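# Structural overview for review
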Amino acid sequence: MTQKFDLIVIGTGTAGSIIAKKCRSAGWSVAIIDSRPFGGTCALRGCDAKKVLGGAAEVIDWAKRMQGKGITSADLQINWQDLMRFKRTFTEPVPQKREKTYTDAGIKTFPGLAKFVDETTVQVGDERLSGRYVAIAAGAEPAPLGISGEEYLTYSDQFLELETLPRQVAMIGGGYISMEFAHIAARAGAQVRILHQGSRPLEPFDPDLVERLVEATQNLGINLQVNTQVKGIQKQADRLVVQVETEQGEETFDTEMVVHGAGRVPTTQDLDLEKAGIKYEKKGISVNDYLQSISNPQVYAAGDISASGAPPLTPVSSIEGHVVADNLLQGNHHKPDFTEIPSMVFSIPTLASVGLQEKAAREQGLKFKTLYEPDTSDWYFSRRINEPYSGFKVLVEEGSDRILGAHLLGSYAEELVNIFALAI
């Protein structure tokens with residue numbers, strides 16, 4: 001027997017929760033499905049968990065910076081087991097609380113993998129659900145690397161659940177995940193190396209400030225290798241042997257753990273989207289300006305699974321969730337605006353960015369002046385906490401004094417960037 005709803009939502013993360021709750025508040029009958037514990041990536045196995053671990057790493061860093069400046073911290077160290085127990089006080093209650101929130105709101109919950117049967121019908125285990133509309137917010141998953149020994153990789157969600165931290169860790173990729181995990185692991189006592197196949201890490205960020213962060217990363221003792229492609233991983237006893245291709249040729253080294261930080265892809269493969277006539281591409285479900293499927297008008301997509309062109313950030317998922325909900329309830333009148341969305345790398349120090357970079361501003365034909373201070377470590381703001389790596393770059397349009405972009409490196413950059421976002 002098929003259960004019928006006004007709306008079926010696939011995914012219980014930021015976007016899916018917003019869509020389900022707003023439509024239910026408007027009186028719609030709503031079902032929500034997730035193949036993993038309810039709560040989504042950010043709350044369970046991403047941002048929130050990472051920031052708890054990062055908070056401990058910040059304490060270590062701050063204490064070491066202030067050594068000889070009024071603080072003695074010779075024996076200060078991270079107890080990984082205690083830190084993990086603390087982290088779980090944030091993550092473990094989430095699935096039950098999230099499911100109760102749905103139930104209390106009158107949203108019907110279905111744990112399990114959703115597979116499309118036709119344009120608006122999905123199968124979840126033994127249950128068949130049919131909706132007037134379907135909103136897909138199923139998120140993303142680690143990209144397959146296509147290397148031998150891929151089965152020996154540790155994924156980001158597994159890293160965030162480690163009972164013990166290995167003494168040696170290698171990170172594949174030079175993006176958010178690798179940089180953030182590397183800074184945490186190094187301050188917890190591990191020997192860390194980052195293997196990035198490009199010429200510089202953190203490619204979406206300002207190259208000059210990235211260069212400063214790379215310097216800070218290397219001075220922390222992290223071995224950051226660029227133009228390095230991982231070719232394979234072999235297991236030998238309790239060690240992993242990693243084969244890489246560098247500019248000098250092939251090399252091998254051994255380590256205890258290899259972490260996948262080389263990008264994520266939309267989770268489109270297991271949904272049987274073809275049976276619903278839903279077109280998708282490498283970047284996710286193909287949508288129009290209203291986040292509606294270009295091939296199935298009864299379907300909308302939001303968050304990391306949507307090929308909207310926006311970066312895979314939690315604030316973006318929130319915006320897209322609200323847009324989808326409003327378009328479902330009011331018709332297609334709303335388009336997402338990502339102009340002022342900041343992005344951050346929660347390394348230590350933090351790197352933050354909002355608006356245009358210099359290259360993009362030039363490509364748009366804008367005339368602007370660049371206010372650039374690569375090293376503000378002697379400014380009171382940084383010197384007060386003995387912050388050795390801090391700087392900024394702000395793009396200001398000539399004639400109007402309009403701020404086009406702001407790029408910040410240093411403690412509290414993740415908060416300060418929001419002032420620039422508000423100005424933009």
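Right above here is the structure, for reference.
Residues numbered from 1 in each chain as written. Predicted model: local features only at pLDDT ≥ 70, side-chain atom pairs only at ≥ 80, totals over all residues. Heavy atoms only, no water.

## Here we look at the overall build of the protein chain
- In terms of helices and strands, the protein chain carries 12 helices and 23 strands.
- For the protein chain, the C-alpha atoms occupy an extent of roughly 70 × 65 × 45 Å along the three principal directions.
- Burial status across the protein chain gives 51% buried among its 424 residues.
- Considering only contacts in the protein chain between residues 6 or more positions apart, those separated by 24 or more positions represent 63%.
- If you sum the accessible surface of the protein chain, you get close to 20100 Å²; carbon and sulfur atoms cover 49% of it.
- If the 43 positive side-chain charges of the protein chain are averaged to one point and the 54 negative ones to another, these points end up 3 Å apart. (Helix = DSSP H or I, 4+ residues; strand = E, 2+ residues; numbered from the N terminus. Buried < 20%, exposed > 50% of the residue type's maximum accessible area, 1.4 Å probe, protein only. Contact = heavy atoms within 4.5 Å. Areas by Shrake-Rupley, 256 points an atom, 1.4 Å probe, with all protein chains shown as cover. Lys, Arg positive; Asp, Glu negative; His and termini not counted. Charge placed at Lys NZ, Arg CZ, Asp CG, Glu CD.)

## Things to note about the packing of helix α3 (residues 47–65) against helix α7 (residues 176–187)
- Across the interface, α3 lies against α7 with an axial gap of 9 Å and an inter-helix angle of 50 degrees. One element, α3, and the other, α7, form an angle in the oblique class. Judged by the sense of rotation from one axis to the other, the crossing of α3 with α7 is left-handed. Residues K50, L53, G54, A57, I60 and D61 of α3 pack against E180, F181, H183, I184 and R187 of α7.
- For the contact of α3 with α7, a count of residues per class yields five nonpolar, two polar and four charged. (Axes fitted to C-alpha atoms, helices over the stretch in contact; angles between N-to-C directions. Parallel < 35°, antiparallel > 145°, perpendicular 65-115°, else oblique. Left-handed = near helix turned anticlockwise from the far one by under 90°. Nonpolar A, V, L, I, M, F, W, Y, C, P; charged D, E, K, R; others polar.)

## Digging into the pairing of strand β23 (residues 403–409)
- A large share of β23 lies buried, amounting to six of its seven residues.
- Judged from the six bridges that link them, strand β22 (residues 391–397) and β23 form a sheet pairing that is antiparallel. Looking at the pairing, F392 lines up with L408 of β23. (Pairing = 2+ DSSP bridges.)

## Here's the deal with the sheet that holds strand β11 (residues 229–236)
- The antiparallel open sheet is built from three strands, whose spatial order is β11-β12-β13. For this open sheet the edge positions go to β11 and β13 (249–255), each flanked by a neighbour on one side alone. Within the sheet, the average angular offset between the axes of one strand and its neighbour, ignoring direction, is 20 degrees.

Note that every value here comes from positions in space, so none of it alone points to a role or purpose.
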